[in-house]
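Letter by letter, the chains look like this.
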Amino acid sequence: MKNSRREFIVQSSLGAGALLAAPLVAQANPGVSFSQSNVGDTLKVALIGCGGRGTGAIIQALSTKENIQLVAMADAFKDRLDDCYKSVMNSRAKDTSAKAVPVNQKVNVPEDHKFVGFDGYKQAMALADVVILTTPPGFRPYHFEEAVRLGKQIFMEKPVATDPAGIQRVLAAAKIAKEKKLNVVVGLQRHYQNSYRDLMKRVQDGQIGDVVSASCWWNNDGVWVKPRKEGQTEMEYQMRNWYYFNWICGDHITEQHIHNIDVINWAKNGYPVRARGTGGREVRKGKEYGEIFDHHIVEFEYADGTILNSQCRHIPGTWTKVDEHLVGTKGKVLFDSAKILDLKGNVNYAFDKKTKENNPYQTEHDELWATVAAGEYKFADAENGAYSTMTSILGRMATYSGQIIEWDKAINSGINITPSRFAWDADMPLKPDANGLYPVAVPGKTKYF
């Protein structure tokens, strides 16, 4: 039997009595914000992280048919929060009749519900029933922990961490989220895309036989750069130019290529046991590029010996490809073109992308919000999100070091690359030299173990 929405949210926030002794929730009475709030027929949402992805995610949430309301926003930077709010208020979405209607009728964020700074997320979460976590990924473990502690329903973007210590924090919180029956959707949106769901079911039903090898790519020109401005502290500069620092981004193998790697993990129904690879900086040589590589080539090895050949590259003027392929004992899958081939290359099946494909970014919100509104528990994406993120980190460790990196050793290593505290004047673990250049990993010299 379905619970009422009020019963579901209150029960999810309170959790089982035994959970009160768990380290993650012992700091406060979980669920006070829910059990003392007047949920009624409206689901209240808080947006944590108001950059481009946060703006897109909240507009997608407000575009669902459910009765929800944005009631709080939080970001480290006021200008990003203000820009996001303006974009949301000016956005339109199609209703059930395909007519474009404004989403601002679902927005009620007074000035005292706009929180700026490192700890603003705590105040924003306390006002909501559901939270959207879309800051850069270095903050994700801490925000996810707090959301679980408070008993919130959660949408969080990928990746979910940038180092093994962060992965362990997410896994610990994910366990409690399951016990408390908190819905958690992670923005690995291919899991919500019709063509991928259809093809993956056929793979799991044995249509291509046993998967014996795989390839995946995220090769393109790269992303934005934010130049340093006069007067910025090192923390502010690294946060503004966050894509180029591993503690907050994880390198593009983690921030972007996780999507493709995750598809192969999905097909294998498991995760690699080791990785070996190579990478470096061919064109990213300036101080504005921080510490990350511009290319990674990794062999991920699964327990049964299957090899995933993985490539990601950010080099302008080179060939581009974002895709995943599987090779089985009976056939092949080409995910981007949504086809299944026999071993001779003949098309055995083609998904009708023209008429059956969906917008997975919207679908993940449609399904989450419908589930929460119905008082149901359906989504537990956090564990897979953590393990697929760890797979990408494993690959980064292999390319940075030039060594074979074992999964068990890496995930249990306790390696933590985040600053010791989050403050504008924090002493950052990575600093530029006199020329403004940052230390960069050197394969063969960089050591983890």
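Everything here concerns the structure above.
About the thresholds
Residues numbered from 1 in each chain as written. Predicted model: local features only at pLDDT ≥ 70, side-chain atom pairs only at ≥ 80, totals over all residues. Heavy atoms only, no water. Helix = DSSP H or I, 4+ residues; strand = E, 2+ residues; numbered from the N terminus. Buried < 20%, exposed > 50% of the residue type's maximum accessible area, 1.4 Å probe, protein only. Contact = heavy atoms within 4.5 Å. Areas by Shrake-Rupley, 256 points an atom, 1.4 Å probe, with all protein chains shown as cover. Core = buried A, V, L, I, M, F, W, Y, C linked by side-chain atoms within 4.5 Å. Phe/Tyr/Trp six-rings, centres within 6.5 Å; stacked < 30°, edge-to-face > 60°. Lys NZ or Arg CZ within 6 Å of the ring centre and 35° of its normal. Pairing = 2+ DSSP bridges. Axes fitted to C-alpha atoms, helices over the stretch in contact; angles between N-to-C directions. Expected span 1.5 Å × (residues − 1). Parallel < 35°, antiparallel > 145°, perpendicular 65-115°, else oblique. Left-handed = near helix turned anticlockwise from the far one by under 90°. Nonpolar A, V, L, I, M, F, W, Y, C, P; charged D, E, K, R; others polar. Disulfide = S-S within 2.5 Å.

1. Remarks on the overall build of the protein chain
The helix and strand inventory of the protein chain stands at 15 helices and 17 strands. Across the 449 residues that make up the protein chain, the buried fraction comes to 56%. Sequence separation of 24 or more characterises 74% of the internal contacts of the protein chain that already satisfy a separation of 6 or more. Surface summary for the protein chain: the accessible area is close to 18800 Å², and the carbon and sulfur share equals 49%.

2. Concerning the nonpolar core
The biggest cluster of nonpolar side chains holds 71 residues, and the ones touching the most others in it are Phe144, Ile154, Met156 and Leu326. What Met156 contacts, discounting residues up to four positions off in sequence, is Leu133, Arg140, Phe144, Val170, Val184, Val185, Val186, Gly187 and Ala382.

3. Brief notes about the packing of aromatic side chains
Going through the model one piece at a time under the given rule, you end up with 22 aromatic pairs. Seen from their ring centres, Trp224 and Tyr243 are 5.9 Å apart, and the 80° between their planes marks the pair as edge-to-face. On the criterion of sequence distance, the pair formed by Trp224 in the loop between strand E9 (211-220) and helix H9 (234-240) and Tyr243 in the loop between H9 and helix H10 (252-255) is long-range, its members being 19 residues apart. Since its relative accessible area comes to 3%, Tyr243 is described here as buried. Between Tyr387 and Trp407, the ring centres sit 6.0 Å apart and the planes meet at 45°, which makes this aromatic pair tilted. Of this pair, Tyr387 sits in helix H14 (residues 382-401) while Trp407 sits in helix H15 (residues 407-411), and the two are 20 residues apart along the sequence. One aromatic cluster is present, built from ring pairs that chain together Phe77, Phe118, Phe139, Tyr142, Trp247, Phe422 and Trp424. Here the basic side chain of Lys114 rests over the ring of Tyr85, its NZ or CZ set 3.6 Å away from the ring centre. Over the face of the ring belonging to Trp319 we find Arg313, whose NZ or CZ atom lies 5.2 Å from the ring centre.

4. Considering the sheet that holds strand E2 (residues 68-75)
Strands sit in the order E5-E2-E1-E6-E7-E8 across an open sheet of 6 strands; the sheet is parallel. The sheet is open, and its two borders are formed by strand E5 (114-116) and strand E8 (184-186), each paired with just one other strand. Geometrically, the sheet is characterised by an average inter-axis angle of 15° between neighbouring strands, direction not taken into account. Bridge count for strand E1 (residues 43-48) against strand E6 (residues 130-133) is 4 bridges, and the pairing is parallel. Bridged to Val45 within E6 is Val130. Relative to the sheet, helix H4 (residues 78-89) contacts E1, E2 and E5, its axis offset from that of E2 by approximately 160°.

5. Examining unusual backbone geometry
Cis peptide bonds are those with omega within 30 degrees of zero, and the linkage from Lys158 to Pro159 qualifies with -20°. Along the chain, the position of Pro159 falls in the loop between strand E7 (153-156) and helix H7 (164-179). Even without being a glycine, Asn269 presents a positive backbone phi close to 55°. In this structure, Asn269 sits in the loop between helix H11 (258-268) and strand E10 (274-280).

6. Focus: the environment of Asp198
With respect to the helices, strands and loops of the structure, Asp198 is situated in helix H8 (residues 194-204). For Asp198, a relative accessible area of 21% corresponds to the partly exposed category. Aside from chain neighbours lying at most four places away, what touches Asp198 is Tyr349 and Phe351.

7. Let's talk about H7
Helix length check: H7, at 16 residues, gives a terminal C-alpha distance of 23 Å against a target of 22 Å (1.5 Å per residue), a fit within 8%. Listed in full, the buried residues belonging to H7 are Pro164, Ala165, Gly166, Ile167, Val170, Leu171, Ala173, Ala174, Ile176 and Ala177. Those residues of H7 that are buried lie in contact with helix H6 (140-149), E7, E8, H14 and H15.

8. Notes on the packing of H6 against H7
Helix-helix packing is characterised by the crossing angle of the two axes and by the distance between the axes. Running from N to C, H6 and H7 point in directions that differ by 15°, and their axes come no closer than 9 Å. Classified by the interaxial angle, the pair formed by H6 and H7 is roughly parallel. H7 is crossed by H6, and the crossing has left-handed handedness. Judged by residue contacts, Pro141, Tyr142, Phe144, Glu145 and Val148 of H6 engage Gly166, Arg169, Val170, Ala173, Ala174, Ile176 and Ala177 from H7. Its residues placed into classes, the contact of H6 with H7 shows 9 nonpolar, 1 polar and 2 charged.

9. Some details on the sheet that holds strand E17 (residues 405-406)
Spatially, the 9 strands line up as an open sheet ordered E16-E15-E14-E13-E9-E12-E11-E10-E17, and their pairing is mixed. The two strands at the open ends of the sheet, each matched to only one other strand, are strand E16 (347-350) and E17. Bridging between E10 and E17 involves 2 bridges; their strand directions are antiparallel. For Ala275, the partnering residue across the bridge sits in E17 and is Ile405. Across the sheet, H11 is in contact with E9, strand E11 (295-301), strand E12 (307-314) and strand E13 (321-328); its angle to E9 comes to roughly 165°.

10. Concerning the pairing of E12
With respect to burial, E12 is a largely interior element, 6 of its 8 residues being buried. Here E9 runs beside E12; their pairing, made up of 8 bridges, is parallel. Opposite Cys216, over in E12, you have Ser310 as the bridge partner. Here 7 bridges tie E11 to E12, and the two strands are oriented antiparallel to one another. In the strand pairing of E12, His295 is matched with Arg313.

11. What about the state of the cysteines?
Scanning all chains against the criterion turns up 0 disulfides. Unpaired in this structure, Cys312 has its nearest cysteine sulfur neighbour in Cys216, at a distance of 8.5 Å.

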